[in-house]
Amino acid sequence: MGSNFENTVSHSAVYRVNPDCTFLQFVSQQKNVLAGSIASIPTEEVNYQIELALKFMQFYMDQSTDSLPEANDSIQHVVIDTRKSVFEILLDLHSAMRVTGRGFDLYFIGGDSGKDAFVKKLLEFGNLKSGEPKLTVPRSSNPSLAYTTMIVYDSSDLESATDVLSKAWVNSRVPWVIRNVLVQETVQEKFIQLLESKLKPFTENVAFEKELKTAVKKAFATGLRLIHGSTDSKYLKPVVVFGSSIDFFLEKDSVEPTPIVVLNVFRTAKEAISLANKSNGGSVSLWTEELSLSLETAYAVAAQSVWVNCHAVFNPALPYSFRQHDYSYGSEYALCEKIVKSVFVPSSVNPANSFEDNKRALNDLGKPTSQFGNQLRSFVTNEKNVHYEMISSPYKIENYNAENRLQIVPGGLYGKVTEDFVRKVLLDSVYYQRKTIVIPFGVSFAN
């Protein structure tokens, strides 16, 4: 990597398993301190992410990992990017702890100085001991951009859709924040008028004031239409920009969208799906009262988390993904993924994600049987007046290459897994990707 290689590891530690001391207990006990440790994010927003993460962590704790006594010793190091959300950081770390047999070397990268005190507090967990860095990671390694695209059809409840969108600046540092909106042309102006009536000025200081003002200034200078509430307020306002794109407002090397929402129109469902897939932030919230249209869109969008007539409704028993070629959160898949694959991070030890290396690891792994796959790749449950559906689609083996983030963990460890069901789940987590569709009960569909 050359003499100019820049190491971005900010903190490192050694994790060793001790069943008498759990990370879930530690975070539960320290959640107030953790919530107040990030000055750049309001405490109530950090607390929201911690509370949600704790629900997922409890689900992880309820899953048995006893069937992986040998295979899970293969995890040698875990890299956590501090530029990801608090929710992701906690679950990336906890899921790795759940599946390791002995422990691993832990590295925090990303250079988000605003989370430094948060990371230091995490390192006080009793099973983590300070250690000298053995891994170097270059600054060029970035997590993919994460946000929700909202799709609004003319058959939707516009009041409910605009209610949800008007809150897009609350909990703005989560990977499912709404930043891209697609509205059907026939209801464009009605939707905008409703939205304008609900966009209220910020009455308190907001952490993203500088970024929002910069984005608004750029939009105004370009002549783009600005959608906002009352113009006579002295307070900073949430703003939606008509006729632009997420990328237009991104700063160089940005890993999260700016605090401005972009809105565009479409004519047909086919066009809406195409536009959503071109600007894919990882999740979709779609709005329609036509059942067939909702399912057509949910199945076709290239996003692994889809909410129908709602947004950010979670069940830890189902898998959710928010970033392209990244980890899942929730269900047994989130744990199994950590055994067989990882999000590749260039390092001095392993500078490139090699397709050939991944191909060899895949050959060692083998392939899932079609009979078992058909049983595993469809899952429906109804809980607390919400319908959850999990479906799977093949993950292209060619994606395990230098251009993408996922890699297969080498070592031929899969034959050491003694329980047949777990082995099959491990196989499925490599060859398939999961999509979760969420539909609340009480939503009236025309057909």
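As shown above, the structure is provided for reference.
Residues numbered from 1 in each chain as written. Predicted model: local features only at pLDDT ≥ 70, side-chain atom pairs only at ≥ 80, totals over all residues. Heavy atoms only, no water.

### Remarks on the overall build of the chain
- For the chain, the helix and strand inventory stands at 13 helices and 16 strands.
- Counting the 447 residues in the chain, one finds 55% classified as buried.
- A separation threshold of at least 6 residues defines the contact pool for the chain, and within that pool the share at least 24 residues apart is 78%.
- Of the accessible surface of the chain, which amounts to about 19,600 Å², a share of 49% is contributed by carbon and sulfur atoms. (Helix = DSSP H or I, 4+ residues; strand = E, 2+ residues; numbered from the N terminus. Buried < 20%, exposed > 50% of the residue type's maximum accessible area, 1.4 Å probe, protein only. Contact = heavy atoms within 4.5 Å. Areas by Shrake-Rupley, 256 points an atom, 1.4 Å probe, with all protein chains shown as cover.)

### Comments concerning the packing of aromatic side chains
- Counted according to the given criterion, the structure contains 20 aromatic pairs.
- Geometrically, the ring pair formed by Phe56 and Tyr320 is edge-to-face, given 6.3 Å between the ring centres and 65 degrees between the ring planes. Taken together, the positions of Phe56 in helix H2 (residues 43-62) and Tyr320 in the loop between strand E11 (305-308) and helix H10 (331-340) put the pair 264 residues apart, joining distant regions of the chain. Considered together, Phe56 and Tyr320 belong to a single accessibility category, that of buried residues.
- Between the aromatic rings of Phe87 and Trp176, the centroid separation amounts to 5.2 Å while the plane-to-plane angle is 90 degrees, which identifies the pairing as edge-to-face. (Phe/Tyr/Trp six-rings, centres within 6.5 Å; stacked < 30°, edge-to-face > 60°.)

### Comments concerning H2
- Taking 1.5 Å as the rise per residue, H2 with 20 residues should run 28 Å; its terminal C-alpha atoms sit 29 Å apart, in good agreement.
- Along H2, the residues that are buried comprise Glu45, Val46, Gln49, Ile50, Leu52, Ala53, Leu54, Phe56, Met57, Phe59 and Tyr60.
- On its buried face, H2 sits against helix H1 (23-35), helix H3 (86-99) and H10. (Expected span 1.5 Å × (residues − 1).)

### Brief notes about the sheet that holds strand E4 (residues 128-130)
- Ordered by their spatial adjacency, four strands build an open sheet running E2-E3-E1-E4, and the pairing between neighbours is mixed. Edge positions in the sheet fall to strand E2 (77-81) and E4, since each of these pairs with one other strand and no more. Here the average twist between neighbouring strands, direction ignored, is 30 degrees.
- Two strands pair when backbone bridges link them, and strand E1 (residues 11-16) and E4 are joined in this way by three bridges, in the antiparallel orientation. Directly across from Val14, in E4, lies its bridge partner Lys129. (Pairing = 2+ DSSP bridges. Axes fitted to C-alpha atoms, helices over the stretch in contact; angles between N-to-C directions.)

### Concerning helix H8 (residues 269-278)
- Buried within H8 are the following residues: Ala269, Ala272, Ile273 and Ala276. Projected down its long axis, H8 carries its buried residues within an arc of 95 degrees, all on one side. Structural note: H8 exposes Lys270 and Lys278 on the side pointing more than 90 degrees away from its buried face.
- As for H8, its buried residues are in contact with strand E5 (147-152), strand E6 (178-184), strand E9 (261-266) and helix H9 (291-300). (Arc of directions from axis to C-beta.)

### Focus on the nonpolar core
- Ranked by size, the top nonpolar core spans 110 residues in total, and within it Phe23 and Phe191 carry the most contacts.
- With sequence-adjacent residues up to four places away left out, Phe191 is seen in contact with Val152, Leu158, Ala161, Thr162, Leu165, Val181, Val183 and Leu263.
- The next biggest cluster of nonpolar side chains, apart from the first, holds 19 residues, and it includes Leu293, Val301, Val306 and Ile391. (Core = buried A, V, L, I, M, F, W, Y, C linked by side-chain atoms within 4.5 Å.)

### Things to note about the pattern of salt bridges
- Here the structure, examined in full by the defined rule, presents 17 salt bridges.
- Salt-bridge contacts for Lys198 lead to Asp163; the nearest nitrogen and oxygen are separated by 2.8 Å. Placement of the pair is Lys198 in helix H6 (residues 188-198) and Asp163 in helix H5 (residues 158-165), with a sequence separation of 35 residues.
- Take Lys198: its relative accessible area is 16%, and that puts it in the buried class.
- One continuous salt-bridge network, built from bridges that share partners, spans Lys84, Asp92 and Asp326. (Salt bridge = Lys/Arg side-chain N within 4 Å of Asp/Glu carboxyl O.)

### Section: the sheet that holds E5
- Taken in spatial order, the 10 strands of this open sheet run E7-E8-E9-E6-E5-E10-E11-E16-E14-E13, and their pairing is mixed. Taken across any chain shown, the strands that pair with only one partner, and hence form the sheet edges, are strand E7 (225-227) and strand E13 (378-383). The mean angle between the axes of side-by-side strands here comes to 20 degrees, regardless of whether they run parallel or antiparallel.
- Relative to E9, E6 is paired through five bridges, and the arrangement is parallel. Looking at E9, one finds that Gln184 is bridged to Phe266.
- Along the sheet, H5 makes contact with E5, E6, E9 and strand E10 (282-287), crossing E5 at roughly 160 degrees.
- Running at roughly 155 degrees to strand E16 (residues 432-440), H9 makes contact with E5, E10, E11, strand E14 (386-394) and E16 of the sheet.

### What about the pairing of E16?
- Most of E16 is tucked away: eight of the nine residues are buried.
- Note that E11 and E16 share three bridges and pair parallel. When the sheet's bridge partners are listed, Val306 is paired in E16 with Ile437.
- Relative to E16, E14 is paired through nine bridges, and the arrangement is antiparallel.

### With respect to the packing of H2 against H3
- Across the interface, H2 lies against H3 with an axial gap of 8 Å and an inter-helix angle of 20 degrees. Here H2 is positioned roughly parallel relative to H3, judged by the angle of their axes. When you trace H2 past H3, the crossing you get is right-handed. In this structure, H2 contributes Val46, Gln49, Ile50, Leu52, Ala53, Phe56, Met57, Tyr60 and Met61 to the contact, and H3 contributes Val86, Phe87, Leu90, Leu91, His94, Ser95 and Arg98. (Parallel < 35°, antiparallel > 145°, perpendicular 65-115°, else oblique. Left-handed = near helix turned anticlockwise from the far one by under 90°.)

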